[in-house]
Amino acid sequence: MKLRPEMTSDALTRLKRARGQLNAVIEMIENGEDCRATLTQLAAVSKAIDRAGFKIIASGMRHCGTARDQGEEPEMTEEELEKLFLSLA
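Nothing here was measured: the structure is a model prediction, and the numbers come from that model.

Q: Give me the lowdown on the pattern of salt bridges, citing residues and values where you can.
A: Should their charged atoms come close, side chains of opposite charge can pair. By the definition in use, this model includes four salt bridges. Between arginine 14 and aspartate 10 there is a salt bridge whose closest N-O contact spans 3.6 Å. With a gap of four residues between them, arginine 14 and aspartate 10 both fall in helix α1 (residues 5–30), about one helical turn apart. Using a relative accessible area of 19% as the deciding quantity, one classes arginine 14 as buried. We note a salt bridge from glutamate 78 to arginine 68, for which the minimum N-O separation is 4.0 Å. Of the two residues, glutamate 78 sits in helix α3 (residues 78–88) while arginine 68 sits in helix α2 (residues 35–69), which places them ten residues apart along the sequence. With a relative accessible area of 33%, arginine 68 lands in the partly exposed category. Among the ionic contacts, a cluster of salt bridges with common partners joins Asp10, Arg14 and Lys55.

Q: Hey, could you go over the environment of threonine 38 for me, with residue numbers and the actual values?
A: Tracing the backbone through its elements, the reader meets threonine 38 in helix α2. With relative accessibility at 8%, the residue threonine 38 sits in the buried group. Ignoring sequence-local partners within four residues, the contact set of threonine 38 consists of Val25, Met28, Ile29 and Glu33. At 2.8 Å, the side chain of threonine 38 forms a polar contact with the backbone oxygen of aspartate 34.

The rules we used
- Residues numbered from 1 in each chain as written.
- Predicted model: local features only at pLDDT ≥ 70, side-chain atom pairs only at ≥ 80, totals over all residues.
- Heavy atoms only, no water.
- Salt bridge = Lys/Arg side-chain N within 4 Å of Asp/Glu carboxyl O.
- Helix = DSSP H or I, 4+ residues; strand = E, 2+ residues; numbered from the N terminus.
- Buried < 20%, exposed > 50% of the residue type's maximum accessible area, 1.4 Å probe, protein only.
- Contact = heavy atoms within 4.5 Å.
- Polar contact = N/O pair within 3.5 Å; in protein donor to acceptor, adjacent residues only side chain to side chain.

In structure tokens:
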């Protein structure tokens, strides 16, 4: 399934925010900052990336469900979407 802007805008926003957070984590490590603060920020980056992935899967599920409702063949099966979903968990 091809990613379309209407399916990925929220995920893309989250990923761009995560990129900024990751840059901050890298600077924290390079500057020898407190490990607790660094790991807290790293966990936030990881969560943001995970949520972006879940957003993309959810959009794909909606997209394929709409196709099915309209009598069209969805681009991905429910099994394929489930496998992708579980790969993020």
